[in-house]
Amino acid sequence: MADIETATESVIKPKKMSKSSLSIFDETLYKDKQLKKNIVPITRLLDGKEICVINGNDEISDEEIIEQLLLHRAKVVRNPRKETYCIIVGNDKKAKAHNIIKTNKYDVVTLDWFKRITKEENWGTLEDFLPWDFLSIRDTTKQLLMEKYDDYYDSYTMDVDEESLQRSLTKMEPMIKEIELTFIEEQALDKELFDNGISPFSVFKQIIGYFKQCSDLIKLKFRFMGGLINEDLNEHINYIFIEDKSLITEFNETMNETMKVIDSKWIDECFQDEKLYSIDEYIIK
């Protein structure tokens, strides 16, 4: 009986693994899993880059993301470290993703970044991060981006296009809602800040335009610099904008004496130079 008790007392209980040990254990299993895939890389695009994949979404699973990254020689991990190049998150509502984003310690990117860099046309060189790629960003990365883009994602070096302009407008909307001034207050502020009393960022302020078969980019430029667009041709319209001068005949009966038909090139040139030019040279009728 004593022997049995002694044997029982000598049984060694297993030690509990610490969280850090579990993390290393998980990573080891994960690396083994990668090796078993036997994936042959097709480029060296991500060679030397450690990328953490948190999750995918309904469109693309995390396993599919991982396989694509391995094809470009990335080192894929499940838990981020200080050395991690970036973290990919497909669903930021999940607890792990949400908690990592809140720390602001890592560059956490959306699937848009992953899709862009893995397009075949971009295999030649790894493109820089874009401001709208991020769900969370390191201070060092943010400083680099501030040298190339303003707070509204407008590039200091690249020409504006329809997509980039729409992105800037979307970024500005919350700020515009927070800072609502009356027209008189805006005028007073412009006179105080600018020599001619006209802000170069809102040269079309209080101008109401009607657009006939004009490009979306022209309309975006007009809106971006303070113009108002009316979808109906009525007495509130200041200017009618057209690109095709042959359309002038359509307005002969609907125009009143105060309306003017303007070549939309006026918007382009005002936008380009951030200056309100006289409409005299652009009046068609």
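Analysis parameters
- Residues numbered from 1 in each chain as written.
- Predicted model: local features only at pLDDT ≥ 70, side-chain atom pairs only at ≥ 80, totals over all residues.
- Heavy atoms only, no water.
- Core = buried A, V, L, I, M, F, W, Y, C linked by side-chain atoms within 4.5 Å.
- Buried < 20%, exposed > 50% of the residue type's maximum accessible area, 1.4 Å probe, protein only.
- Helix = DSSP H or I, 4+ residues; strand = E, 2+ residues; numbered from the N terminus.
- Contact = heavy atoms within 4.5 Å.
- Pairing = 2+ DSSP bridges.
- 1 Å grid on protein atoms, 1.4 Å probe; cavity = no way out; pocket = protein on both sides within 12 Å on 5 of 7 lines; lining within 4 Å.
- Points joined across faces, edges and corners; volume = space filled by probe spheres on them.
- Nonpolar A, V, L, I, M, F, W, Y, C, P; charged D, E, K, R; others polar.
- pLDDT = per-residue confidence, 0-100.
- Patch = residues over 30% accessible without salt bridge, like charges linked within 9 Å, V, L, I, M, F, W, Y side chains within 5 Å.
- Areas by Shrake-Rupley, 256 points an atom, 1.4 Å probe, with all protein chains shown as cover.
- Salt bridge = Lys/Arg side-chain N within 4 Å of Asp/Glu carboxyl O.
- Lys, Arg positive; Asp, Glu negative; His and termini not counted.
- Charge placed at Lys NZ, Arg CZ, Asp CG, Glu CD.
- Phe/Tyr/Trp six-rings, centres within 6.5 Å; stacked < 30°, edge-to-face > 60°.
- Lys NZ or Arg CZ within 6 Å of the ring centre and 35° of its normal.
- Polar contact = N/O pair within 3.5 Å; in protein donor to acceptor, adjacent residues only side chain to side chain.
- Axes fitted to C-alpha atoms, helices over the stretch in contact; angles between N-to-C directions.
- Parallel < 35°, antiparallel > 145°, perpendicular 65-115°, else oblique.
- Left-handed = near helix turned anticlockwise from the far one by under 90°.

### Considerations on the nonpolar core
Counting 24 residues, the largest nonpolar core has Leu-46, Ile-51, Ile-65, Leu-69, Ile-88, Trp-113 and Phe-114 as the members making the most contacts within it. Only β1 (50-55), α3 (62-71), β3 (86-89) and α5 (111-117) provide two or more residues apiece to this core. If sequence neighbours within four positions are ignored, Leu-69 has contacts with Leu-46, Ile-51, Val-53, Ala-74, Val-76, Ile-88 and Phe-114. With 20 residues, the next largest nonpolar core counts Leu-165, Trp-266, Ile-267 and Ile-279 among its residues.

### Regarding the sheet that holds strand β2 (residues 75-77)
Taken in spatial order, the five strands line up as β2-β1-β3-β4-β5 in an open sheet, and their pairing is mixed. A strand with exactly one partner marks an edge of an open sheet, and here the two such strands are β2 and β5 (134-136). Relative to strand β4 (residues 108-109), β3 runs parallel, the two sharing two bridges. Across the sheet, residue Ile-87 finds its bridge partner in β4, namely Val-108.

### Overview of the layout of surface pockets
In this model, the second largest pocket occupies a volume close to 490 Å³. Around the second largest pocket sit 21 residues that line it, and Arg-116, Asp-128, Phe-129, Leu-130 and Tyr-149 are the ones nearest its centre. Broken down by secondary-structure element, the contributors of at least two residues to the lining of the second largest pocket are α5, α6 (139-146) and α7 (162-178). The leading source of residues in the lining of the second largest pocket is α6, at three residues. Taken together, the residues of the lining of the second largest pocket sort by class into nine nonpolar, three polar and nine charged.

### Brief notes about helix α9 (residues 216-224)
The set of residues buried in α9 consists of Ile-218, Leu-220, Lys-221 and Phe-222. A positive backbone phi angle near 95 degrees is found at Gly-226, which sits one or two residues after α9.

### Digging into the sheet that holds strand β7 (residues 228-229)
The strand order across the open sheet built from four strands is β7-β6-β8-β9, with neighbouring strands paired in parallel fashion. Either end of the sheet is taken by a strand with one partner, and the two such strands are β7 and β9 (260-263). Across four bridges, the pairing between strand β8 (residues 239-242) and β9 is parallel. Directly across from Tyr-239, in β9, lies its bridge partner Lys-260.

### Let's talk about the confidence of the model for the protein
On average, residues of the protein carry a pLDDT of 80, and 75% of them reach 70 or more. Within the protein, helix α1 (residues 2-9) has the poorest average pLDDT of any element, 45, and β3 the best, 98. Note that pLDDT drops below 50 for residues 1-26; the model gives that stretch three contacts with residues more than four away or on any other chain.

### Focus: a negative patch on the surface
Side chains of Glu-269, Asp-273, Glu-274, Asp-280 and Glu-281 sit close together on the surface and give a patch of like negative charge. By relative accessible area, which is 75% here, Glu-281 ends up exposed.

### Concerning the packing of aromatic side chains
By the definition in use, this model includes 14 aromatic pairs. Judged by centre distance (6.1 Å) and plane angle (80 degrees), the rings of Tyr-239 and Phe-241 are edge-to-face. On the basis of relative accessibility, which here comes to 0%, the residue Phe-241 falls in the buried class. A network of ring pairs unites the aromatic residues Phe-204, Phe-211, Phe-222, Tyr-239, Phe-241 and Trp-266 as a single cluster. Note that Lys-49 overlies the ring of Tyr-85, its terminal NZ or CZ placed 5.2 Å from the centroid.

### Some words on the side chain of Arg-116
One can find Arg-116 in helix α5. The exposure class assigned to Arg-116 is buried, which follows from its relative accessible area of 15%. When sequence neighbours within four positions are dropped, the list of residues in contact with Arg-116 reads Asn-122, Glu-127, Asp-128, Phe-129, Leu-130 and Asp-133.

### Some remarks on the environment of Thr-43
Its place among the elements puts Thr-43 in the loop between α2 (19-37) and β1. Considered as a pair, Thr-43 and Arg-73 are 30 residues apart in the sequence and their alpha carbons are 6.9 Å apart. Engagement of the side chain of Thr-43 in a polar contact is seen with the backbone nitrogen of Leu-45, the distance being 3.1 Å.

### Considering the packing of α9 against helix α10 (residues 265-273)
Viewed as axis vectors pointing N to C, α9 and α10 meet at an angle of 50 degrees, and their least axial separation amounts to 10 Å. By the angle between their axes, α9 is oblique relative to α10. You can see that α9 and α10 cross each other, and the crossing is left-handed. Residues Ile-218, Lys-221, Phe-222 and Phe-224 of α9 lie in contact with α10, whose contacting residues are Ile-267, Asp-268 and Phe-271. A class-by-class count of the residues in the contact of α9 with α10 yields five nonpolar, no polar and two charged.

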